[in-house]
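Analysis of the macromolecular model
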Amino acid sequence: MRAIRVNATGGPEVLSIEDIPTPEPSEGQVLIDVEYAGVGFVDTLFRDGTFPLAVPFTPGIEVSGRVRSIGAGVAGFEPGDPVAAVLNDFGRGAVAGGYAESALASADLVIPLNSSIDSAIAAGSMVNGATAWIALHRLAGLTETDTVVVLGASGGIGSAAAHLALAAGATVIAVVGSVERGEELRAAGAKVALRAQLEQDLASIAPEGITVVIDPVGGVARQVAIDALAPLGRLVMVGTASGNDVQLSTDLIWHRSLQVSGISLGGIAHLHPSLVRQGALSALEVLANRPVIARLDQAAHVHAALATGRAPVKTVLSVTGP
Ligand SMILES: NC(=O)c1ccc[n+]([C@@H]2O[C@H](COP(=O)([O-])OP(=O)(O)OC[C@H]3O[C@@H](n4cnc5c(N)ncnc54)[C@H](OP(=O)(O)O)[C@@H]3O)[C@@H](O)[C@H]2O)c1
């Protein structure tokens with residue numbers, strides 16, 4: 001089968017397309033013929049070795065497609081069934097594998113797709129949708145009275161979080177790098193704040209303070225958002241796209257009556273697969289924007305764009321297309 005491989009970690013140029021053997025599903029696994037494979041910023045971190053995976057490997061932690069075959073002990077799926085799956089199941093030894101004609105998934109991280117669900121949206125919503133839903137509804141305990149600041153809202157996970165919070169009836173402040181990158185969310189009902197003037201924008205948009213922060217970015221924006229949290233505010237860290245971690249005083253957490261939490265989907269997938277499925281399915285009921293579709297052999301271009309911080313909201317690779 002055709003697959004994108006990383007034989008040695010490095011820049012986008014290390015992504016090469018190769019013919020490799022099609023894997024066989026082991027016990028508890030489903031082999032999926034991939035239609036679309038989602039691409040996310042985290043894939044660039046696996047590719048460059050920031051998050052180490054043993055080489056060689058095939059990147060890609062979310063797919064949609066059809067069941068090709070099932071391993072021993074798997075019930076509820078038949079060959080040909082339309083499905084989507086989360087593949088970042090590192091606790092069970094999975095090694096990504098999405099940018100390929102066929103990909104292995106643990107059966108409990110596979111969700112059936114009905115005919116009304118767009119397969120490209122499904123592939124692009126698995127990881128971001130599940131993570132954002134868990135961050136908002138499980139960790140932040142979101143209600144419609146909340147004022148939610150979403151950092152990195154022009155990107156994959158931030159956009160998913162902003163749309164899910166809007167759908168839940170919350171007030172959403174989408175933080176973006178430029179006015180243009182906030183247009184879609186403004187039209188969807190969010191208020192938009194600019195990352196470069198975040199402190200001033202938050203003070204004028206929400207002078208009473210904010211109650212929830214969903215943060216995939218880190219750095220200065222994380223610090224500003226923490227400072228703007230009202231007592232009993234909840235901060236959920238989901239990533240650090242800026243590359244800049246922030247030191248946080250534990251005393252400050254109780255002095256200011258804050259709740260601080262985080263989620264790594266790949267770290268909990270093997271422990272809480274039903275929660276991951278619940279998050280992904282719930283997100284699929286809300287997320288309706290079709291991602292940009294690139295060809296499998298354009299994976300390196302998509303990775304290069306993600307490194308600039310100016311990539312489209314979400315891109316998926318069409319594996320069966322031309
Ligand atoms: N916790 C989990 O399980 C989980 C799941 C998925 C992703 N993540 C993490 O979440 C983060 C975002 O992933 P993503 O796929 O949403 O990325 P993305 O699509 O590239 O979006 C990131 C956004 O952050 C903003 N940004 C600010 N500073 C940046 C910088 N120096 N470099 C790049 N972007 C910057 C950009 O928006 P503006 O320029 O408009 O500000 C960009 O749109 C990553 O750290 C990823 O590892 C974690």
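Residues numbered from 1 in each chain as written. Predicted model: local features only at pLDDT ≥ 70, side-chain atom pairs only at ≥ 80, totals over all residues. Heavy atoms only, no water.

Here the UniProt-annotated "domain: Enoyl reductase (ER)" (unreviewed entry) positions come out as residues 10-317. As annotated, residues 10-317 has a helix share of 31% and a strand share of 25%, and its two end C-alpha atoms lie 20 Å apart. (UniProt positions renumbered as here; feature names shortened; annotations may be inferred. Helix = DSSP H or I, 4+ residues; strand = E, 2+ residues; numbered from the N terminus.)

Before going further, it helps to examine the sheet that holds strand 10 (residues 191-194). The strand order across the open sheet built from six strands is 10-9-8-11-12-13, with neighbouring strands paired in parallel fashion. The strands lining the two open edges of the sheet, one partner per strand, are strand 10 and strand 13 (259-262). Neighbour to neighbour, the strand axes of the sheet diverge by 20° on average, direction disregarded. Inspection of the sheet shows strand 9 (residues 171-176) paired to strand 10 by four bridges, in the parallel sense. Among the inter-strand pairings, Ile 173 is bridged to a residue of strand 10, identified as Lys 191. Across the face of the sheet, helix 5 (residues 198-205) comes into contact with strand 8 (147-150), strand 9 and strand 10 while running at roughly 150° to strand 10. Sitting on the sheet, helix 6 (residues 219-228) touches strand 11 (210-215) and strand 12 (229-237), and the angle it makes with strand 12 is about 150°. (Pairing = 2+ DSSP bridges. Axes fitted to C-alpha atoms, helices over the stretch in contact; angles between N-to-C directions. Contact = heavy atoms within 4.5 Å.)

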